[in-house]
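What follows is the residue order along each chain.
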Amino acid sequence: MSAPAMGTTKTAPNDGSHKKKKGPGTLATAYLVIYNVVMTAGWLVIAVGLVRAYLARGSYHGLYYSIEKPLKFFQTGALLEILHCAVGIVPSSVVLTGFQVMSRVFLTWAVTHSVREVQSEDSVLLFVVAWTITEIIRYSFYTFSLLNHLPYLIKWARYTFFIVLYPMGVTGELLTIYAALPYVQKTGLYSVTLPNKYNFSFDYYTFLILTMVSYIPLFPQLYFHMLRQRKKVLGHVEEYTKVE
Amino acid sequence: MRQCEVEILDAKNKEKLLLLDKVEPSATILDIKSMFHKSNQRWYPARQSLCLDPKGKPLKDEDVLHQLPVGTTATFYFRDLGSQISWRTVFLTECIGPLFIYLMFYFRVPFIYAPKYDFTTSKHWVVHLACLCHSFHYVKRILETLFVHRFCQGTMPLRNIFKNCLYYWCFAVWMAYYINHPLYTPPYYGEQQVKTALGIFVFCQLGSFSIHITLRNLKPPGSKTKKIPYPTKNPFTWIFALVSCPNYTYEVGSWLGFTVMTQCVPVAFFTIVGFIQMTMWAKGKHRSYLREFKEYPTLRSPILPFVL
């Protein structure tokens, strides 16, 4: 599922309480700024790649192939964020960040990359576009926050765009997994059957179905959490302007 | 001695819940909780958390009123811990499940495997041995819960029973399914592997039992004083010289033995997950030992000698 949810919640309180909490050291801050700048740039590359490919071909079809490599590289690079939490330079939960990043990496490698037949599906474009816009905003948000210079526009975008992008991304992801199902069943991809000397079996087809089902309880929770965060972060500004 | 007044406020909204006058200074927190329970039937003592500070640590049941930093009028902040369930009940439920679940798979009750296998038995002797070991482990646990363990805290939140049972019961299903499967493959190194694994399992089960008995004998019933456990004449307890929580060490050892005996990946998973959880518990216990006792032996590690 798309990343905006949990990352948002953790940095939002950090914005105001910078002076109260002991933030990451100077070296860590410098590293994080570089990391976030690189990631912003990376997802911009993907965005540009998508636009150029669309203009060149004149159709939405098969745009995945034009950005396949940077997508894999930068989405996988997000695994570092789990390390950041584990080491403590980012005040987020390791478990929550891990869950988010792993779900993205899972979709990139274990579904889209592994099942070639789905790569030309339009649903792939749906979640790639959602992820791209989300990540550009998210990483620039972190960059500016770390530099203590957050333009309101970025904060607004971060807490508003998800309203459309999150359902859009989830739809794309679900449709892609659904499209992969027949091929997984036919080829027995990543599946292990009995008998074998480890006395273990795994059916990837069933696993994918269970993954799709898990979106039902998880998605609404994350979505409404984001909406509540939005009210908290953006709501205050409206109050101040009313007072004036 | 002059009598005291006790005021109980809600920790969240500071609302006055109860005012008790004529309370003996020698009353314990448990006495006060019982008095509170009389006027609020819903909140039995185990569910009450009373603190001196709205955000503070809960006071212990055995703390005495006149020994606390309060004047003649004591103010306590109350928090509802939610429905409680006794440790004993939780332990029994989480152990009885796996015991029966495994046996259902062992006897190949209908609707688990293909109909032609219903009520058949496996042709591999290691499967029978595994059933014996698994059942023995849980029977031992149940008996220890009934007759050996002394729980220092009577209860835990009710939702824990669902969490714990889900964990034990689901893993039991997962393991039992493969071990008792008609297509089960016996261990690669055959009899040698099974016999060695059995040795490890039995050794660790005896060790685990020895540790539980030793911990029980550490203090007389009802006493809440904490003591450091030391090696006794029983060789299985000599591990106390190197480890703070050998009960966990032996438990991991038992499951390791069971994994090697059955050569089954789900069992390996169960062992690993259990090991991670027990290591966290052992570290916590080790830290509390170090905090409580200045003279705590420095050679000891939480769960694995010298390593972890």
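The structure displayed is predicted, hence computed values, not measured ones. (Residues numbered from 1 in each chain as written. Chains lettered and ligands numbered in written order. Predicted model: local features only at pLDDT ≥ 70, side-chain atom pairs only at ≥ 80, totals over all residues. Heavy atoms only, no water.)

**As for the overall build of chain B**
1) Next: Counting its regular elements, chain B contains seven helices and six strands.
2) Next: Reading the secondary structure of chain B in the N-to-C direction produces β-β-α-β-β-β-α-α-β-α-α-α-α.
3) Next: For 308 residues, the compact-globule formula gives about 19 Å, and the C-alpha radius of gyration of chain B, at 24 Å, lies well above that figure.
4) Next: A burial count over chain B gives 44% of its 308 residues as buried. (Helix = DSSP H or I, 4+ residues; strand = E, 2+ residues; numbered from the N terminus. Rg over C-alpha atoms; globule rule 2.2 N^0.38 Å. Buried < 20%, exposed > 50% of the residue type's maximum accessible area, 1.4 Å probe, protein only.)

**Remarks on the domain arrangement of chain B**
Bring the parts together and some accessible area is lost; that lost area is often taken as the interface size.
1) Next: For chain B, the assigned domains are domain 1 (4-82), domain 2 (84-186) and domain 3 (211-308).
2) Next: Relative placement of domain 1 of chain B and domain 3 of chain B: their C-alpha centres are 36 Å apart. (Domains from an automatic or database assignment.)

**Notes on the pattern of salt bridges**
1) Next: Tallied over the entire structure, the rule returns 11 salt bridges over all chains.
2) Next: One salt bridge connects B:K33 with B:D61, and the closest N-O pair in it is separated by 2.9 Å. Within this pair, whereas B:K33 is found in helix α1 (residues 29-39), its partner B:D61 is found in the loop between β3 (48-51) and β4 (73-80), the two being separated by 28 residues in sequence.
3) Next: Exposure remark for B:K33: the relative accessible area of 5% places this residue in the buried category.
4) Next: Relative accessible area serves as the criterion here: at 31%, B:D61 is assigned to the partly exposed category.
5) Next: The closest approach of N and O atoms between B:E191 and B:K195, which form a salt bridge, is 2.7 Å. You can see B:E191 and its partner B:K195 sitting in helix α5 (residues 190-217), four residues apart, about one turn around the helix.
6) Next: B:E191 sits in the partly exposed class, given a relative accessible area of 47%.
7) Next: When its relative accessible area of 51% is taken as the criterion, B:K195 is described as exposed.
8) Next: Ionic contacts of the salt-bridge type, sharing partners, join the residues A:E81, A:R104, A:E135 and A:R138 into one network. (Salt bridge = Lys/Arg side-chain N within 4 Å of Asp/Glu carboxyl O.)

**Points about the interface of chain B and chain A**
1) Next: Listed as interface residues are 12 residues of chain B and, on the opposing side, eight residues of chain A.
2) Next: Taken together, chain B and chain A are joined by zero salt bridges.
3) Next: Between the two partners, chain B and chain A, sit six residue pairs in polar contact (both at pLDDT 80 or more).
4) Next: Breaking the side of chain B that touches chain A down by element, the ones donating at least two residues are α4 (159-179) and α7 (265-292) of chain B.
5) Next: Here the residues of the side of chain B that touches chain A sort into eight nonpolar, four polar and no charged. (Contact = heavy atoms within 4.5 Å. Polar contact = N/O pair within 3.5 Å; in protein donor to acceptor, adjacent residues only side chain to side chain. Nonpolar A, V, L, I, M, F, W, Y, C, P; charged D, E, K, R; others polar.)

**Quick notes on α1(B)**
Residue and element names in this part refer to chain B.
1) Next: Within the span of α1, buried status applies to I29, I32, K33 and F36. One face of α1 carries all of its buried residues, which in axial projection span an arc of 100°.
2) Next: The inward-facing, buried residues of α1 contact β1 (4-10), β2 (16-23), β3 and β4. (Arc of directions from axis to C-beta.)

**Some thoughts on the sheet that holds β4(B)**
Residues and elements named next belong to chain B.
1) Next: Read across the open sheet, the four strands follow the order β2-β1-β4-β3; overall the sheet is mixed. On the outer flanks of this sheet lie β2 and β3, each paired with one strand and no other. Sheet twist, expressed as the mean angle between neighbouring strand axes with direction ignored, is 25°.
2) Next: Pairing of β1 with β2 involves five bridges; the strand directions are antiparallel. Bridge pairing in β2 links E7 to L19. (Pairing = 2+ DSSP bridges. Axes fitted to C-alpha atoms, helices over the stretch in contact; angles between N-to-C directions.)

**Examining a positive patch on the surface**
1) Next: Positive charge collects at one region of the surface, where B:K57, B:K60, B:K283, B:R287 and B:R291 lie side by side.
2) Next: Tracing the sequence through the fold places B:K60 in the loop between β3 and β4. (Patch = residues over 30% accessible without salt bridge, like charges linked within 9 Å, V, L, I, M, F, W, Y side chains within 5 Å. Areas by Shrake-Rupley, 256 points an atom, 1.4 Å probe, with all protein chains shown as cover. Lys, Arg positive; Asp, Glu negative; His and termini not counted. Charge placed at Lys NZ, Arg CZ, Asp CG, Glu CD.)

**Examining the packing of helix α3 (residues 64-77) of chain A against helix α6 (residues 122-146) of chain A**
Residue and element names in this part refer to chain A.
1) Next: Where α3 meets α6, the axes come as close as 12 Å, and the angle between the chain directions of the two elements is 50°. It follows from the interaxial angle that α3 and α6 lie oblique. Considering the relative orientation of α3 and α6, their crossing is left-handed. Contact residues: Y64, I67, L71 and Q75 in α3; V124, V128 and W131 in α6.
2) Next: Counted by class, the contact of α3 with α6 contains six nonpolar, one polar and no charged residues. (Parallel < 35°, antiparallel > 145°, perpendicular 65-115°, else oblique. Left-handed = near helix turned anticlockwise from the far one by under 90°.)

**What to know about the packing of aromatic side chains**
1) Next: All told, the structure shown has 48 aromatic pairs over all chains when counted by the stated rule.
2) Next: Taken together, a centroid distance of 4.7 Å and an interplanar angle of 85° make the contact between B:W255 and B:F270 edge-to-face. With B:W255 in helix α6 (residues 246-262) and B:F270 in helix α7, the pair connects residues that are 15 residues apart, well separated along the chain. In terms of burial, B:W255 and B:F270 fall into one category: buried.
3) Next: Residue placement shows A:R138 over the ring face of A:Y139; its charged tip is 4.6 Å from the ring centre.
4) Next: One Lys or Arg, A:R158, reaches over the ring of A:F141 and ends 4.7 Å from the middle of that ring. (Phe/Tyr/Trp six-rings, centres within 6.5 Å; stacked < 30°, edge-to-face > 60°. Lys NZ or Arg CZ within 6 Å of the ring centre and 35° of its normal.)

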